[in-house]
Amino acid sequence: GEHHARQRRTLPPLLYMAAIRQANLPVDAFAVRLQMGADGPGQACRDLGAVSALLDRFASLDKPLTVTCCGVPAGPTPAPTGVDAPTAPEEVFPSGSWRGPWSDSLQADWLSALAAVVFSKPGVQALCWQDAIDTTTAREMPLGGLLTAAGTPRAAAQRLAQVRAALREKRAIPARLPGGPRA
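Residues numbered from 1 in each chain as written. Predicted model: local features only at pLDDT ≥ 70, side-chain atom pairs only at ≥ 80, totals over all residues. Heavy atoms only, no water.

How should I be thinking about the overall build of the protein chain in this particular structure?
Helices and strands together make up the secondary structure of the protein chain, namely five helices and five strands. Each of the 183 residues in the protein chain was classed as buried or not, and the buried ones make up 38%. Contacts in the protein chain between residues at least 24 apart in sequence constitute 64% of all its contacts with a sequence separation of at least 6. Accessible surface for the protein chain amounts to roughly 10,400 Å². Of this, 57% is attributable to carbon and sulfur atoms. (Helix = DSSP H or I, 4+ residues; strand = E, 2+ residues; numbered from the N terminus. Buried < 20%, exposed > 50% of the residue type's maximum accessible area, 1.4 Å probe, protein only. Contact = heavy atoms within 4.5 Å. Areas by Shrake-Rupley, 256 points an atom, 1.4 Å probe, with all protein chains shown as cover.)

Laid out in structure tokens, this is it:
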């Protein structure tokens, strides 16, 4: 919803969703994007408590939620260039970080922590990662894939498989890879 702060003729997401509900439009579910950690509008890091509160506010509309296009980078992201480069100081959007500089292991830890929050919400039906594989042309989230550009799986890919298995077996979501480095 950060777009509304810069473009006043837009609607904030919660107001938009409420308007759809009040108009009795047939909606099966609402989607929420949770991309963080890359310098750019709408991708500033949020505390997971803030993410939890956001999901609770959206759940108040009594429609299922799907967390789509979620993710963080697996390393420092390059500054936007070309048409995406900021042209004025107010267009610079520093992303921040979560528990330290972004890395492969921190990306996986963030995924586990986010999944624990997301799946603790009864109204959430699904969580979808942003990119399967890194590309050299990724504009939204460089280094955000579950696989490197060479096709090598990142720790987050293994973690996602563990999260899925834990949900299927009704176990706790793993906090980090067994024996893996702690970021």
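Now, onward.
Help me understand helix H5 (residues 155-168) in this model?
Helical geometry: 3.6 residues make up each α-helical turn, so side chains three or four residues apart lie on a common side. End to end, H5 covers 20 Å across 14 residues, agreeing with the expected 20 Å (1.5 Å per residue, within 8%). Among the residues making up H5, those that are buried are Ala155, Ala156, Arg159, Val163 and Ala166. Within H5, the buried residues cover an arc of 85° as seen down the axis, which keeps them to one side. Facing away from the buried side of H5 by more than 90 degrees, the exposed set consists of Arg164 and Arg168. Residues of H5 that are buried in the fold lie against helix H4 (104-118) and strand E5 (145-147). One or two positions beyond H5, positive phi appears at Lys170, with a value near 60°. (Expected span 1.5 Å × (residues − 1). Arc of directions from axis to C-beta.)

Can you walk me through the packing of helix H3 (residues 48-59) against H4 in this structure?
Each pair of packed helices can be summarised by the angle the axes make with each other and by the distance between the axes. As a packed pair, H3 and H4 sit with axes 10 Å apart at the nearest point and diverge in direction by 30°. Our classification of the angle between H3 and H4 gives roughly parallel. The crossing of H3 and H4 is right-handed. On H4, the residues touching Leu48, Val51, Ser52 and Leu55 of H3 are Trp110, Ala113, Leu114, Val117 and Val118. (Axes fitted to C-alpha atoms, helices over the stretch in contact; angles between N-to-C directions. Parallel < 35°, antiparallel > 145°, perpendicular 65-115°, else oblique. Left-handed = near helix turned anticlockwise from the far one by under 90°.)

Sorry, what's going on with the packing of aromatic side chains here?
Given two aromatic rings, their pairing is described by the distance between the two centres and the angle made by the two planes. Using the criterion set out here, one finds one aromatic pair in the structure. Ring geometry for Trp110 and Trp129: centres 6.2 Å apart, planes at 70°, overall edge-to-face. Highlighted residues: Trp110 in helix H4 and Trp129 in strand E3 (residues 124-129), separated in sequence by 19 residues. Each of the two residues, Trp110 as well as Trp129, counts as buried. (Phe/Tyr/Trp six-rings, centres within 6.5 Å; stacked < 30°, edge-to-face > 60°.)

Where do I start with the nonpolar core in this structure?
Soluble globular proteins tend to bury their nonpolar side chains together. Core analysis: the biggest nonpolar cluster contains 32 residues, and Leu34, Leu48, Val51, Leu65, Val67, Trp110 and Leu114 have the highest contact counts within it. Contributing elements (two or more residues each) for this core: helix H2 (13-22), strand E1 (30-35), H3, strand E2 (65-71), H4, E3 and H5. A per-element tally of this core places H4 first, with eight residues. Sequence-distant contacts of Leu48, that is, excluding residues within four places in its chain, are made with Trp98, Trp110, Ala113, Leu114 and Val117. (Core = buried A, V, L, I, M, F, W, Y, C linked by side-chain atoms within 4.5 Å.)

Just checking my understanding: could you explain the sheet that holds E3 for this structure?
Sheet strands pair by backbone hydrogen bonding; their relative direction is either parallel or antiparallel. Spatially, three strands are ordered E1-E2-E3 in an open sheet, and the strand pairing comes out parallel. Taken across any chain shown, the strands that pair with only one partner, and hence form the sheet edges, are E1 and E3. Across the sheet, the mean angle separating the axes of adjacent strands is 20° when strand polarity is ignored. Relative to E3, E2 runs parallel, the two being bridged by four bridges. Bridging across to E3, Val67 finds its partner in Leu127. Across the face of the sheet, H4 comes into contact with E1, E2 and E3 while running at roughly 165° to E3. (Pairing = 2+ DSSP bridges.)

What's the story with the confidence of the model for the protein chain in this structure? I'm lost.
Close reading of the predicted structure is inappropriate where its pLDDT is low. Predicted confidence across the protein chain gives a mean pLDDT of 83, with 79% of residues reaching 70 or more. Here residues 177-183 is a poorly scored stretch, pLDDT under 50, and it has 13 contacts once near neighbours within four places are set aside; other chains count. (pLDDT = per-residue confidence, 0-100.)

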